[in-house]
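# Structural features, examined
Residues per chain are reported as follows:
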Amino acid sequence: MDERKGRLTKDGIRIYDPADFAGMHAAGALAASILDRIAEHVEPGQSTAALDKLITEWVEEAGATSATIGYKGYKHASCISVNHVVCHGIPGDKTLKDGDILNIDVTVIVDGWFGDTSRMYVAGKLPRKAERLIQVTHDALMKGIEAAKPGNTFGDIGAAIQTYVESNRMSVVRDFCGHGLGRVFHAPPNVLHYGRPGTAATLEEGMFFTIEPMVNLGRPETKVLADDWTAVTRDKSLSAQFEHSIGITADGADIFTLSPAGTFHPTYG
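The rules behind these values
- Note that residues are indexed from 1 along each chain, following the sequence as it is written.
- In keeping with the predicted nature of the model, local features appear solely for residues at pLDDT of at least 70, side-chain atom pairs appear and are counted solely at 80 or more, and the whole-chain, interface and lining totals rest on all residues.
- Heavy atoms throughout the structure, all of them, feed into the side-chain values; hydrogens and water do not.
- Helix and strand labels come from DSSP, where a helix needs a run of H or I of at least four residues and a strand needs a run of E of at least two; each type is numbered from the N terminus.
- Every radius of gyration here is taken over C-alpha atoms, with the globule rule written as 2.2 Å times N^0.38, N being the number of residues.
- Buried, partly exposed and exposed residues are distinguished by accessible area as a fraction of the type maximum, computed with a 1.4 Å probe on protein chains only: under 20%, between the cut-offs, and over 50%, respectively.
- Whether two residues are in contact is decided by their heavy atoms: any pair within 4.5 Å suffices.
- Each accessible area value is a Shrake-Rupley result obtained with a 1.4 Å probe; residue values ignore everything except the protein chains displayed when judging cover.
- When charges are counted, Lys and Arg contribute as positive and Asp and Glu as negative, whereas His and the chain ends are disregarded.
- Positions of charges follow a simple convention, taking NZ of Lys, CZ of Arg, CG of Asp or CD of Glu.
- By this definition, two strands are paired if DSSP reports at least two bridges between them.
- Here an axis means a line fitted to C-alpha atoms, over the contact stretch when the element is a helix, while the angle between two N-to-C directions is reported on a 0 to 180 degree scale.
- Count a disulfide wherever a pair of cysteine sulfur atoms falls within 2.5 Å.
- Helix span, expected: 1.5 Å multiplied by one less than the number of residues in the helix.
- Counted as a polar contact is a pair of N or O atoms within 3.5 Å, where, for protein atoms, one must be capable of donating a hydrogen and the other of accepting one, and residues adjacent in sequence contribute only when both atoms are in side chains.
- Take a side-chain nitrogen of Lys or Arg and a carboxyl oxygen of Asp or Glu: if they are within 4 Å of each other, that pair is a salt bridge.

### Thoughts on the overall build of the chain
Assigned secondary structure in the chain consists of four helices and 17 strands. Compactness check: the chain gives a C-alpha radius of gyration of 17 Å against a globular reference of 18 Å for 269 residues, within 12% of the reference. Each of the three principal axes of the chain carries a C-alpha extent, and together these read 50 × 45 × 35 Å. Sorting the 269 residues of the chain into buried and exposed places 55% on the buried side. Look at the contacts in the chain between residues 6 or more apart in sequence, and 71% of them connect residues 24 or more apart. Accessible surface, the chain: about 11500 Å² in total, of which carbon and sulfur atoms supply 51%. If you average the places of the 26 positive and of the 34 negative side-chain charges in the chain, the two averages end up 7 Å apart.

See the structure below:
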């Protein structure tokens, strides 16, 4: 399918056909299965470069393509963001310490379809404050997905996430957002994780996009380091993120990136 075909809404958001859901499920399932497999390798003393090497090998073994290798000069099959890194952490030789939390983000291309997902992991024993941050971030994503149904707006999704996070005395990152995807990596709309109910574009059946809230224990401000990729919290507070790719159906959201092993949440509860 040519990504230029099909209907665009007045906001420039592509409406996909019912038959296109199968391709997104295949791509999403591979990305999610890779994140399932990496879990047992996340432990103190392990380097993030070693984790990325495994991910690269598994993408190749599956006959798929990494969407991030070569993307704007990026050289890795994953982004791995540790502790106060908000997103786009570059895998490297630094090793994980006991109690470190990390987000691993993987995007694969299967038969032209993009599967994009991320989730949280812990090396060793999970600290209590990090456990609460991870739980709130996970639940905020699910509340955003609950609001993703025809007739609602993208503002409803953002408001559901923001209200829940702030009620738990944490903050939602404003500098990064979810995005449309399908036969392309990034497309309209920008999916904000904050907002006012009833604002922004109206959701329609056939829209494909990610929801991927980043939540900080401290303030929401971020800064990008000199490598032009790594985003960190300005106040050095811990940050967490979960991401699913979804498609809008007649009565809600179809999650393309469900964990085959049921281990999307790091404590598997």
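Next comes the rest of the write-up.
### Let's talk about the pairing of strand β10 (residues 187-191)
Examined bridge by bridge, strand β9 (residues 178-180) and β10 share three bridges and lie antiparallel to one another. Its bridge partner being in β10, His-179 is matched across the sheet by Asn-190. Between the end of β9 and the start of β10, which pair antiparallel, lie six residues.

### Brief notes about the sheet that holds strand β5 (residues 85-87)
Strand order in the open sheet formed by three strands is β5-β14-β13, with antiparallel pairing between adjacent strands. On the outer flanks of this sheet lie β5 and β13 (222-224), each paired with one strand and no other. For this sheet, the mean inter-axis angle between neighbouring strands, taken without regard to orientation, is 40°. Where β5 lies against strand β14 (residues 231-233), two bridges are found, and the strand directions are antiparallel. Considered in β14, the bridge of Cys-87 is made with Ala-231.

### Focus on the state of the cysteines
Summed over the entire model, instances satisfying the criterion amount to zero disulfides. With no disulfide partner, Cys-79 has as its closest neighbouring cysteine sulfur the one in Cys-87, 7.9 Å distant. Taking the relative accessible area as the measure of exposure, Cys-79 reaches 10% and is therefore buried.

### Thoughts on helix α3 (residues 128-146)
Over its 19 residues, α3 runs 27 Å from end to end, which matches the ideal 27 Å to within 8%, given 1.5 Å per residue. Turning to α3, its buried residues number three or more, namely Ala-130, Leu-133, Ile-134, Val-136, Thr-137, His-138, Ala-140, Leu-141, Gly-144 and Ile-145.

### What about the environment of Tyr-121?
Tracing the backbone through its elements, the reader meets Tyr-121 in strand β7 (residues 113-122). Remark: the alpha-carbon pair of Tyr-121 and Glu-40, spanning 81 residues in sequence, is separated by 9.8 Å. Among residues more than four places away in sequence, those in contact with Tyr-121 are Leu-35, Ile-38, Ala-39, Val-42, Asp-100, Ile-101, Leu-102, Ile-104 and Pro-266. At a separation of 2.7 Å, a polar atom in the side chain of Tyr-121 contacts the main-chain carbonyl oxygen of Leu-35.

### Structural notes on the pattern of salt bridges
For the structure shown, the criterion picks out nine salt bridges. In this structure, the salt-bridge partner of Arg-37 is Glu-61, at a minimum N-O distance of 4.0 Å. In this pair, Arg-37 sits in helix α1 (residues 20-38) while Glu-61 sits in helix α2 (residues 48-61), placing the two residues 24 residues apart along the sequence. According to the relative accessible area criterion, Glu-61 is exposed, its value standing at 59%. Its salt-bridge partner being Asp-100, residue Lys-97 comes within 3.9 Å of it at the nearest N-O pair. We classify Lys-97 as partly exposed; its relative accessible area is 48%.

### Observations regarding the side chain of Asp-156
Take Asp-156: it is sitting in helix α4 (residues 154-167). Although buried, Asp-156 forms no salt bridge, and the nearest oppositely charged side chain, Lys-149, lies 8.8 Å from it. Excluding its chain neighbours within four sequence positions, the residues that come into contact with Asp-156 are Ala-147, Arg-196, Pro-197 and Gly-198.

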